[in-house]
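Observations on the three-dimensional arrangement
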Amino acid sequence: MLTPPKSSRQSRLIVMVALTAASWLSFVSLCSADERAGLLNTSGSPHVVLRSTGLSDVRWSDGFWAERQAACREGSLPALRELMQGTEHSQFLQNFRIAAGQAEGRHRGPDWNDGDCYKWLEAVAAMYAVTRDEELARQLDAAVRVISQAQRGDGYLHTPVLIRQRQGDSTAVPFQNPLNFEMYNFGHLFTAACVHRRATGRDDLLKVAIRAADFLDAAFANPSPALARNHVCPSHYMGTIELFRETRDEKYLRLATKFLALRDLVEDGTDDNQDRLPFRQQTQAVGHAVRATYLFAGAADVYAETGDPTLLVPLNAVWENVVRRKMYVTGACGALYDGASPDGSARQKQIARVHQAFGRDYQLPNATAHNETCASVGNVMWNWRMLQITGESRFADVLERTLYNAALAGISLDGRRFFYTNTLRQLDQMPADLRWSRSREPFISCFCCPPNIVRLIAEVSNYAYGRAGDDLWVNLYGGNQLDAKNSAGSRWTLTQTSNYPWDGEVRLTIHAGPGKPAVIRLRIPDWSDKPRLTINGEPPAEQPRPGTYHAIRRQWQRGDQIILNLPMRTRLIQTHPLVEETRNQVAVQRGPLVYCLESPDLPNGVSVSNVVIPHNVQLIARFDRDLLNGLTVVEGEALAEPSTPHSGELFQEVQPSAAKPVRIRLIPYFAWGNRGSSEMSVWLPGSH
């Protein structure tokens, strides 16, 4: 756990900058932009297996994601706009107005409020790309105008510092404190500017981003170890790479690679910010889970452009550590509110506080789980990039698990209320008083999660498909229409009909294909049992296998139809025996959805804490169109142990009691907490 000496870290930085120049020459010879720019413009990335579709290439026509995007359009975006414009709870756009000299006042809100404003802009732009709603265009124009007016002449843009400078504070200078989140804000600016350009065709926000990036290029020309510490919550890795992809200006690729290499200059780093060890030496996920997943996503982006094989080693090692030992069944990560790392180290001087963090291996508490919504969004972004650079279905499986469960739980069904943290068990009597609300709120003092989950939902169509030349990858299922072409003229137009995730039948009807033999790759989820496939009514020579992409090669004709059946068996899940918090407990999963037991679905007098699930339980899935806007519930007969008085002592003798049968109804985890105050648990005691 010791950091290398200063001379070694500086040598690595010099080597990495040199490698960047060589990688750029390789890139110029390899790249060919042949697809339209999507959420990630990987059309020219030389080291990806599948590339993004365009922002407006996919439209959810009906079913699950069409309903979530309707709630985003009609609930989330208006609610966020009111908060971004207002000054009642905090300030977002108002901070930019003050920085521009258009209003009086002080900066209000956390230092990362600028970044949260950019995330909202990104969500609005992504929704505009699909709807062409002129009201959304007007909102974008007004916000971009005030942001551009706040920018300093040299490109610097961070309202906490700019406002203090405007008010005569001579101590207000950039990059004095890594926890001021300047680089985080720059990163979200860059990403929002690229999505805005692709959605609207306008470059006014992109010009702001370019000026800001040029400022950073100059500011980090000769970085010191102190300056190198300014990578907390490193959205700027992803943002700078995306700016390179949008402008094709090689200096931004060099800058992004330098940013990643700068981590090796940090002295006395901590696990909290993943800089105790150089990135390429890391094998475990440690520290703040949002900062970690942003780091891993950014490193994957750098790999996509440079092909640096030394980046894949830690990315794969850390991914294995997260998925095998530190990720919840919902796909959530970041188990701890507060902890210490390295855990249990004999070298006491190395131990430092960590917060909102990955714990030790197999440390997955339920009632006190932190599981920040932003960490779930980060997990989706990381796995999306790993899927693009590898084409391996395991990354799509984790993406789907996180998207449908941990991420969606962070927002109410109407799109207007939000969780900061996401527990897996909530009881009326909790073991500890915790910092964040136990119910979704319209405003959270740390407002990073609401615009993050909203932009994820607004952009979810970009995760549905991928392109590789003439070939098409199908990653997510649901009712949608795809109309995608590349600059070479190759075109895919199809309709996907499915009631997924409530039902596992998926129909793809081809309207237009590339006009020559091409491959459609269907993702076969790892949870599926005996998937079945027909093409124009005929089964293929080989049926698909779970946990793979099934390739179908042919010359596609108008009217060709693929029918994929993914049987959704309701299953009981158990954890590794070293997960102490869920020993002898079970969870319920059906298809991609994890289920939970919520108190409104129990008979009077039965508590969530008293329900036991027999291992031979017969659970029946049924779609209930009248419950929570319509969803599939899982019902069956469990056991209810009688509530026995407790002495209040920490330990007492067991009082024998007979459990009685009780009917239970479980709902998808993402939908809990939408019926008022309640008890809930994902994990329940199991019995043989």
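Everything that follows concerns the structure shown earlier in this document.
Report follows, based on the coordinates. No experiment lies behind these values; they were computed from the predicted model shown.

Scoring rules and cut-offs
Residues numbered from 1 in each chain as written. Predicted model: local features only at pLDDT ≥ 70, side-chain atom pairs only at ≥ 80, totals over all residues. Heavy atoms only, no water. Buried < 20%, exposed > 50% of the residue type's maximum accessible area, 1.4 Å probe, protein only. Helix = DSSP H or I, 4+ residues; strand = E, 2+ residues; numbered from the N terminus. Contact = heavy atoms within 4.5 Å. Core = buried A, V, L, I, M, F, W, Y, C linked by side-chain atoms within 4.5 Å. Axes fitted to C-alpha atoms, helices over the stretch in contact; angles between N-to-C directions. Parallel < 35°, antiparallel > 145°, perpendicular 65-115°, else oblique. Left-handed = near helix turned anticlockwise from the far one by under 90°. Nonpolar A, V, L, I, M, F, W, Y, C, P; charged D, E, K, R; others polar. Phe/Tyr/Trp six-rings, centres within 6.5 Å; stacked < 30°, edge-to-face > 60°. Lys NZ or Arg CZ within 6 Å of the ring centre and 35° of its normal. Pairing = 2+ DSSP bridges. Salt bridge = Lys/Arg side-chain N within 4 Å of Asp/Glu carboxyl O.

The next thing to look at is helix 6 (residues 159–166). Residues of helix 6 that are buried: T159, P160, V161, L162 and I163. Along its buried surface, helix 6 packs onto helix 3 (93–99), helix 4 (113–131), helix 5 (134–150) and helix 7 (182–200). Two residues or fewer past helix 6, G168 is found with a positive phi of approximately 90°.

All right, on to the nonpolar core then. Burial of nonpolar side chains together is a common tendency in soluble globular proteins. If you look at the biggest cluster of nonpolar residues, it comprises 226 residues, and the most contacted ones within it are I147, L216, Y463, L522 and V682. If you tally residues by element for this core, the top one is helix 12 (residues 289–306), at 12 residues. The contacts of I147, once residues within four sequence positions are left out, are L93, F96, Y118, L121, L157, L205 and V208.

To continue, consider the packing of helix 4 against helix 16 (residues 449–458). In helix packing, the relevant descriptors are the interaxial angle and the interaxial distance, both defined with respect to the helix axes. Contact pair helix 4 / helix 16: the axes reach a minimum separation of 8 Å and the direction vectors enclose 20°. As the angle between them shows, helix 4 and helix 16 are arranged roughly parallel. Read as a crossing pair, helix 4 and helix 16 show a hand that is left-handed. On helix 16, the residues that touch D116, K119, W120, E122, A123, A126 and M127 of helix 4 are P451, N452, V454, R455 and A458. A class-by-class count of the residues in the contact of helix 4 with helix 16 yields seven nonpolar, one polar and four charged.

This part covers unusual backbone geometry. Residue S341 is joined to P342 through a cis peptide bond whose omega torsion reads 0°. Residue position: P342 is located in the loop between strand 3 (336–341) and strand 4 (352–358). Cis geometry is found at the peptide bond from Y500 to P501, where omega equals 10°. Along the polypeptide, P501 turns up in the loop between strand 9 (491–498) and strand 10 (505–512).

Here the structure, examined in full by the defined rule, presents 31 aromatic pairs. Between F96 and Y118, the aromatic rings sit 5.8 Å apart at their centres with planes inclined by 55°, giving tilted as the arrangement. Of this pair, F96 sits in helix 3 while Y118 sits in helix 4, and the two are 22 residues apart along the sequence. On the basis of relative accessibility, which here comes to 0%, the residue F96 falls in the buried class. Overall, Y118 belongs to the buried group, its relative accessible area being 1%. An aromatic cluster is present here, built from W60, F64, W65, Y404, Y477, Y500, W502, W527, F623 and F670 joined pairwise through their rings. We note R394 situated over the ring of W319; from NZ or CZ to the ring centre the distance is 4.7 Å.

For the rest of this paragraph, the subject is the sheet that holds strand 11 (residues 518–524). Pairing between the strands of a sheet is mediated by backbone hydrogen bonds and can be parallel or antiparallel. Taken in spatial order, the four strands of this open sheet run 6-7-11-13, and their pairing is mixed. Either end of the sheet is taken by a strand with one partner, and the two such strands are strand 6 (465–468) and strand 13 (548–554). On average, each strand axis in the sheet is tilted by 20° relative to the strand beside it, whichever way the strands run.

Taken as a whole and assessed by the stated rule, the structure comprises 42 salt bridges. Between R245 and E242 there is a salt bridge whose closest N-O contact spans 2.9 Å. Of the two residues, R245 and E242 are both situated in helix 10 (residues 235–247); the distance of three residues between them amounts to about one turn of the helix. Pair check on accessibility: R245 and E242 agree, each one buried. Residues joined by salt bridges that share partners form a network here, namely R198, E242, R245, E246, D301, E305 and R385.

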